[in-house]
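Geometric and topological summary
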Amino acid sequence: MPELPEVETVRRRLAPALEGRRFERVEIGDARLVRPYEPQAVAAELVGERVAALERRGKYLVVRFESGRVLLIHLRMTGSLRHAPGGTLEDDPYRRAVVRLDDGSDVAYRDVRRFGTWLLFEPGESEGYLVARVGPEPLSPAFTAAALGARLAGRTAPLKSALLDQRRVAGLGNIYVDEALWRSRLHPLRPAGGLDPNELRALHRAVRRVLELGIARQGATLRDYATPDGSSGSMQDEFNAYGRAGEPCPRCGTPIDRIVLGGRGTWYCPACQRLP
Ligand SMILES: [Zn+2]
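What you see is a predicted model; the values in this text were computed from it and never measured.

Quick look at the sheet that holds strand β6 (residues 95–101) now. Spatially, four strands are ordered β1-β6-β7-β5 in an open sheet, and the strand pairing comes out antiparallel. Edge positions in the sheet fall to β1 (23–28) and β5 (79–84), since each has one partner strand and no second. Neighbouring strand axes in the sheet, compared pairwise and without regard to direction, differ in orientation by 15 degrees on average. When β5 meets strand β7 (residues 106–111), the two strands line up antiparallel, connected through six bridges. Within the sheet, the bridge partner assigned to Arg82 lies in β7 and is Ala108. Its contacts with the sheet put helix α1 (residues 4–18) on β1, β5, β6 and β7, and the angle it makes with β5 is roughly 40 degrees.

Written out as structure tokens, the structure reads:
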């Protein structure tokens, strides 16, 4: 599933193509994308809107229109966006929507498993929606080790589960949490509220480092994720723990172990990341 670095990569690539452009034609071919609203109705509402800015909050792409309306796009499991000159998109059975921009280019939305969402908000209505679902941005200057500690304080849930909770910290998913825990030598089952100040600082540094690395590598392509020009990311080549069960830990050589935590595969080094 796309996490913060993948969504941020999409945003950076797509922003120059979208900003200042008008939605000239909109086709939404999948009712699940915009439910409970009618696809034709949402498409008609979007026609004529001009993009003021393409932003990101957590794993949401935030399309801000000059009208003040906002389209929130969430890619969920397998969503991806493609930008191409008009008429050059190949046939694709998994294409769920296409926007023709006023420069003649197309932005196509593809989603194999169809969990992605497009939500259109009237002016002023998207902020409350996001505040209720998305916590602080881990790459913002306000996100300090102390701020992370405050988000985890008093929580008895496993550290990994707390970090996956978008209301605690925005944008982290299975890959980047496992990588951040490996870097900070913290066991995924540690109680989230039980870290000492040194451990909190290490975790804070590791979270930012893996996210920055993920952005620098244009995200991780395991299956469906691709950048808007169709190319792959290379963060998967940098994994130290995620998906590496049985392979030697790059730090100590101990085979990486896999457990299931909250239904999610979880990879860690049993020697470097010990339970106290
Ligand atoms: Zn190790």
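Let us look at empty space enclosed by the protein. In this structure the tally under the stated criterion is one cavity of 30 Å³ or more. Reported here for the largest cavity is a volume of approximately 100 Å³. Lining of the largest cavity is provided by 14 residues; of these, Leu18, Phe23, Ile73, Leu81 and Val107 occupy positions nearest its centre. Of all the secondary-structure elements, those providing two or more residues to the lining of the largest cavity are α1, β3 (60–65), β4 (70–74) and β7. Counting residues per element, the lining of the largest cavity draws most heavily on β7, at three residues.

In this section: the pairing of β7. Taking burial as the measure, the six residues of β7 include five buried ones, the bulk of the element. In this structure, β6 lies alongside β7, joined through five bridges in antiparallel fashion. Considered in β7, the bridge of Ala97 is made with Tyr109. Taken together, β6 and the strand that follows it, β7, pair antiparallel across an intervening segment of four residues, in which Gly104 is found at a positive phi of about 90 degrees.

Peptide bonds are, in most cases, trans, and in most cases residues other than glycine have a negative phi. A cis amide bond links Arg35 with the next residue in sequence, Pro36, at an omega value of 10 degrees. Position of Pro36 among the secondary structure elements: in the loop between α2 (31–34) and α3 (39–46). Even without a glycine there, the phi angle at Arg76 is positive, about 50 degrees. With respect to the helices and strands, the residue Arg76 is situated in the loop between β4 and β5. Even without a glycine there, the phi angle at Arg185 is positive, about 60 degrees. Of note, Arg185 is situated in the loop between α7 (174–183) and α8 (197–216).

Turning to the pattern of salt bridges, a few remarks are in order. Tallied over the full model, the rule gives 24 salt bridges. A salt bridge links Arg56 to Glu137, with the nearest nitrogen and oxygen atoms 2.9 Å apart. A residue pair is termed long-range when its members are at least 10 positions apart, and Arg56 in strand β2 (residues 51–57) and Glu137 in the loop between α4 (126–133) and α5 (145–152) qualify at 81 residues. Residue Arg56 shares its accessibility class with Glu137, and that shared class is buried. The partner of Arg57 in a salt bridge is Glu137, with the nearest N and O atoms 2.7 Å apart. Of this pair, Arg57 sits in strand β2 while Glu137 sits in the loop between α4 and α5, and the two are 80 residues apart along the sequence. For Arg57, a relative accessible area of 24% puts it in the partly exposed group. The class for Glu137 is buried, based on a relative accessible area of 14%. Among the charged side chains, a network of salt bridges with common partners joins Glu8, Arg11, Arg12, Arg56, Arg57 and Glu137.

Before going further, it helps to spend a moment on the packing of aromatic side chains. Scanning all chains against the criterion turns up six aromatic pairs. Taking the centre distance of 5.3 Å and the plane angle of 75 degrees together, the rings of Phe239 and Tyr242 count as edge-to-face. The pair Phe239 / Tyr242 is uniform in exposure class, with both members buried. Between the NZ or CZ atom of Arg133 and the centre of the ring of Tyr129, over which it lies, the distance is 3.6 Å.

Conventions adopted
- Per-chain numbering applies: the sequence of each chain, read as written, is numbered from 1 onward.
- In keeping with the predicted nature of the model, local features appear solely for residues at pLDDT of at least 70, side-chain atom pairs appear and are counted solely at 80 or more, and the whole-chain, interface and lining totals rest on all residues.
- No hydrogens and no water enter the side-chain calculation; it runs on all heavy atoms of the structure.
- What makes two strands pair is DSSP finding at least two bridges between them.
- A run of H or I in DSSP counts as a helix once it spans at least four residues, and a run of E counts as a strand once it spans at least two, with each numbered from the N terminus.
- To obtain each axis, a line is fitted to C-alpha atoms, and for helices this fit is confined to the stretch in contact; angles are then taken between N-to-C directions over 0 to 180 degrees.
- We call two residues in contact when some of their heavy atoms are within 4.5 Å.
- Using only the protein atoms, space was sampled on a 1 Å grid; points where a 1.4 Å probe fits but cannot get out form cavities, open sets with protein on both sides within 12 Å along at least five of seven lines form pockets, and lining residues are those with an atom within 4 Å of a point.
- Grid points are joined across faces, edges and corners, and a volume is the space filled by probe spheres set on the points.
- The rule is simple: take the accessible area with a 1.4 Å probe, protein chains only, and divide by the maximum for that residue type; under 20% is buried, over 50% is exposed, in between is partly exposed.
- One side-chain nitrogen of Lys or Arg within 4 Å of one carboxyl oxygen of Asp or Glu is enough to make a salt bridge.
- Ring pairs shown here join Phe, Tyr and Trp side chains whose ring centres sit within 6.5 Å, with only the six-membered ring taken for Trp; geometry is labelled stacked below 30 degrees between planes, edge-to-face above 60, and tilted in between.
- As a reminder, the over-ring test applies to NZ of lysine and CZ of arginine, requiring each to be within 6 Å of the ring centre and within 35 degrees of the ring normal.

In short, the description is geometric, and any link to function would need to be established separately.
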